[in-house]
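Here is what each chain is made of, one letter per residue.
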Amino acid sequence: MDEIRGDETGGDGIRGTAVGTAPVPLSVLDLVTVGQGRTATQALRTGVEIARLTESRGFHRYWVAEHHSMPGVASSSPAVILAHIAAHTERIRLGSGGVMLPNHAPLVIAEQFGTLEAMAPGRIDLGLGRAPGTDGATAAALRRSDRLNEGADDFPQQLSELIRFLDDDFPDGHPYSRIHAVPGPVQATAPGGVQSAHRPPVWLLGSSGFSARLAGTLGLPFAFAHHFSAQNTIPALDLYRESFRPSAVLDAPYALIGVSALAADDEREARRQVLTGALSMVRLRTGRPGLIPSPAEAEAYAFSPMEREFVDGWLANVVHGTADEVRTGLDDLAKRTGADELMITANAHGGDARLRSYDLIADAYGLPAAS
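In this text, all values refer to a predicted model and were calculated from it rather than measured experimentally.

### Some remarks on the overall build of the chain
Secondary structure assignment for the chain yields 14 helices and 9 strands. Once the C-alpha set of the chain is aligned to its principal axes, its extents read approximately 65 × 45 × 40 Å. Here the chain, with 371 residues, has 54% of them falling under the buried criterion. A separation of at least 24 residues holds for 75% of the contacts in the chain among residues at least 6 apart in sequence. Surface summary for the chain: the accessible area is close to 15,600 Å², and the carbon and sulfur share equals 52%. Of the side chains in the chain, 32 bear a positive and 44 a negative charge, and the two mean positions are spaced by 2 Å.

This is the structure we're talking about:
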C-alpha cells in the first residue's frame with residue numbers, strides 16, 4: 001500500500017474532545033442486543049434511543065459491530081442500522097466497530113459507506129476488522145468459501161483496495177482504474193459535478209497485535225477490543241504507538257478502547273444486569289448462542305465450577321456498580337492504558353437498564369443535560 005489519502009488531515013473527524021470532567025472523549029458501542037421476550041424491532045428502537053440520548057449528553061460517537069448467526073445480537077447489517085440512526089440524529093458521529101472486511105467485496109463497502117456519508121456528511125466512521133464476526137461455518141456461508149484463512153491473510157491488500165475505491169485513485173493501467181464507488185469522488189469530476197470533500201475516516205480494529213501494528217505502520221486510528229481481550233490491551237496499544245508513522249490521516253497516534261461498563265442506582269442491580277451478559281457469553285462460548293437472558297434467569301442459573309470460573313473472569317473485566325464506582329473504574333482504565341477515547345458498551349437484557357446506565361455515567365462526569 002503506497003499511500004493513504006483523505007480529507008482528515010490533522011485528525012479532523014477522528015480526534016474527539018473530552019466533555020465535562022471525563023478524562024477522555026466518551027463514545028458508545030451498541031451491539032443491538034435482543035433479550036428474551038423482546039424483538040429485534042424493539043432492540044433497534046432502543047438503539048435509536050441510545051444514540052439520541054448520548055448525542056444530547058455529549059458522547060462523541062455511536063458505533064455498531066457486525067455479528068452473524070447470533071440470536072441475541074441484531075447487528076448483522078451495520079450500514080443499514082447506521083442509515084436508520086442517521087435519520088434520527090444530527091451531530092453524533094456514526095460508524096462501524098466494525099465491518100468485517102474479509103466478509104465483503106471492498107467495492108461494496110466503499111459504496112455503502114459513501115452512501116452513508118452522503119446521508120450524514122462529515123459524521124461517518126468506517127471501522128474495519130479482519131475476524132469473521134461469527135463461527136467458521138457462518139463465515140464460509142458469507143464468503144461462499146471455506147478458505148477462511150485466505151481472507152485474513154489478504155487483509156492488507158483488501159484494505160488497500162478499499163481505500164483506493166474510497167479515494168477513487170487507482171493508477172492508470174490498474175484493472176479497477178475505470179471502476180468508481182458511487183457516491184464518491186468521481187462525481188466531482190463529472191461535467192457539472194459537485195461532491196462533498198469528506199470521506200469516512202478508516203479505522204482498524206483488533207484484539208491482538210496484527211491490526212495494531214498495521215494501523216501504526218499506515219498512520220491510521222486504532223480501536224482495541226478491551227471488552228473481550230483485556231489481557232492484550234496494553235501490549236497492543238504499545239505496539240500501535242511504537243509502530244506509528246505519521247500520515248496524511250494522522251500526525252500522532254490515536255487509539256480508543258472498547259469497554260464493557262454498566263452503571264445502576266445500586267451495586268446489586270448493576271450485578272444483576274451484567275450477570276445476564278456473562279451467562280449469554282457462557283452459552284455462546286459453549287456453542288449455545290441465544291437471546292440475552294433476563295436478570296431473574298441469570299440469578300437462578302446453576303453455574304458449573306468451570307462456568308463460574310469463566311463468569312468471574314468475565315465480570316472482572318466489566319466496569320459495573322453505582323455511577324461513582326463506574327466513573328472511578330473508567331478513570332483508572334484511561335490512566336492505565338493511556339487510551340485517547342473510551343467506547344462504552346452496556347450489555348444487559350433490557351433497553352431501560354442500558355439507557356439508565358449511559359445517563360448515570362453522563363451525570364457522573366457532569367456532561368450536558370439531555371435536551
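Having seen the structure, we can now continue with the description.
### Details of the confidence of the model for the chain
Note: predicted coordinates in regions of low pLDDT should not be interpreted at a detailed level. On average, residues of the chain score 91 in pLDDT, and 92% of them reach the 70 mark or higher. Overall, residues 1-11 carries pLDDT values under 50, and its contacts beyond four positions in sequence, including any with other chains, amount to 35 contacts.

### Things to note about the layout of surface pockets
Any space left empty among the atoms is revealed by the rolling of a water-sized probe across them. Estimates place the volume of the largest pocket at around 1,100 Å³. A total of 6 residues in the lining of the largest pocket trace back to one element, the largest contributor, which is helix H10 (residues 267-285). Among the residues forming the lining of the largest pocket, the class breakdown is 27 nonpolar, 20 polar and 3 charged.

### Some points on empty space enclosed by the protein
Within this structure, the stated rule accounts for 1 cavity of 30 Å³ or more. Counted as a void, the largest cavity has a volume near 40 Å³. Around the largest cavity sit Thr17, Ala18, Val19, Ala22, Val24, Pro25, Leu26, Gly58, Phe59, His60 and Leu367, which together line it. Within the lining of the largest cavity, the residues separate by chemical class into 8 nonpolar, 3 polar and no charged.

### Looking at the pairing of strand S7 (residues 255-263)
Counting buried positions along S7 gives 9 out of 9 residues, so the element sits mostly inside the fold. Judged by which residues are buried, S7 turns out to be covered on both faces: Ala255, Ile257, Val259, Ala261 and Ala263 on one side and Leu256, Gly258, Ser260 and Leu262 on the other are all buried. Examined bridge by bridge, strand S6 (residues 222-224) and S7 share 3 bridges and lie parallel to one another. Across the sheet, residue Phe224 finds its bridge partner in S7, namely Ile257.

### A short note on helix H2 (residues 78-86)
Along H2, the residues that are buried comprise Pro78, Ala79, Ile81, Leu82, Ile85 and Ala86. For H2, the buried positions fall inside an angular range of 160 degrees around the axis, keeping them on one side.

### As for the pairing of strand S2 (residues 61-64)
Covered by surrounding structure in S2 are Arg61 and Trp63 together with Tyr62 and Val64, the residues of both alternating faces. Relative to S2, strand S1 (residues 26-30) is paired through 3 bridges, and the arrangement is parallel. Its bridge partner lying in S2, Val28 is registered against Tyr62. Regarding the hand of the β-α-β motif, the stretch spanning S1, helix H1 (residues 40-56) and S2 is right-handed.

### Quick notes on unusual backbone geometry
The peptide bond linking Gly97 to Gly98 adopts the cis configuration, its omega dihedral lying at 10 degrees. Inspection of the secondary structure assignment puts Gly98 in strand S3 (residues 93-100). Here the amide bond leading from Val182 into Pro183 is cis, since omega sits at 0 degrees, within 30 degrees of zero. Position of Pro183 relative to the elements: it lies in the loop between helix H6 (155-167) and helix H7 (186-189). Here Val32, not a glycine, exhibits a phi torsion of approximately 50 degrees, which is positive. Relative to the helices and strands, Val32 resides in the loop between S1 and H1. Positive phi, normally seen in glycine, also occurs at Ser69, with a value near 60 degrees. Inspection of the secondary structure puts Ser69 in the loop between S2 and H2.

### What about the packing of H6 against helix H8 (residues 209-218)?
Direction vectors running N to C along H6 and H8 enclose 40 degrees, while the axes themselves pass 12 Å from each other. In terms of orientation, H6 lies oblique with respect to H8. Like other packed secondary-structure pairs, H6 and H8 cross with a definite hand, here right-handed. For the pair H6 and H8, the contacting residues are Phe155, Pro156 and Leu159 in the first and Phe210, Leu214 and Leu218 in the second. Per-class residue counts for the contact of H6 with H8 are 6 nonpolar, no polar and no charged.

### Some remarks on the environment of Phe113
One can find Phe113 in helix H3 (residues 106-119). Between the C-alpha atom of Phe113 and that of Leu82, which follows or precedes it by 31 residues, the distance is 9.6 Å.

### Structural notes on the pattern of salt bridges
Scanning the entire structure with this criterion turns up 20 salt bridges. The salt bridge partner of Arg241 is Asp238, with a shortest N-O separation of 4.0 Å. Remark: Asp238 and Arg241 occur in helix H9 (residues 233-243); sequence separation between them is 3 residues, near one turn of the helix. The partner of Arg356 in a salt bridge is Asp265, with the nearest N and O atoms 2.6 Å apart.

### Regarding the packing of aromatic side chains
Applying the stated criterion across every chain yields a total of 11 aromatic pairs. Pairing Trp63 with Trp203 gives two aromatic rings, centres 5.3 Å apart and planes at 85 degrees, and the pair type is edge-to-face. Remark: Trp203 occurs in strand S5 (residues 202-206) and Trp63 occurs in strand S2; sequence separation between them is 140 residues. This pair shows no difference in class: Trp63 is buried, exactly as Trp203 is.

Cut-offs applied
- Residues numbered from 1 in each chain as written.
- Predicted model: local features only at pLDDT ≥ 70, side-chain atom pairs only at ≥ 80, totals over all residues.
- Heavy atoms only, no water.
- Helix = DSSP H or I, 4+ residues; strand = E, 2+ residues; numbered from the N terminus.
- Buried < 20%, exposed > 50% of the residue type's maximum accessible area, 1.4 Å probe, protein only.
- Contact = heavy atoms within 4.5 Å.
- Areas by Shrake-Rupley, 256 points an atom, 1.4 Å probe, with all protein chains shown as cover.
- Lys, Arg positive; Asp, Glu negative; His and termini not counted.
- Charge placed at Lys NZ, Arg CZ, Asp CG, Glu CD.
- pLDDT = per-residue confidence, 0-100.
- 1 Å grid on protein atoms, 1.4 Å probe; cavity = no way out; pocket = protein on both sides within 12 Å on 5 of 7 lines; lining within 4 Å.
- Points joined across faces, edges and corners; volume = space filled by probe spheres on them.
- Nonpolar A, V, L, I, M, F, W, Y, C, P; charged D, E, K, R; others polar.
- Pairing = 2+ DSSP bridges.
- Arc of directions from axis to C-beta.
- Right-handed = clockwise from strand over helix to strand, strands pointing away.
- Axes fitted to C-alpha atoms, helices over the stretch in contact; angles between N-to-C directions.
- Parallel < 35°, antiparallel > 145°, perpendicular 65-115°, else oblique.
- Left-handed = near helix turned anticlockwise from the far one by under 90°.
- Salt bridge = Lys/Arg side-chain N within 4 Å of Asp/Glu carboxyl O.
- Phe/Tyr/Trp six-rings, centres within 6.5 Å; stacked < 30°, edge-to-face > 60°.

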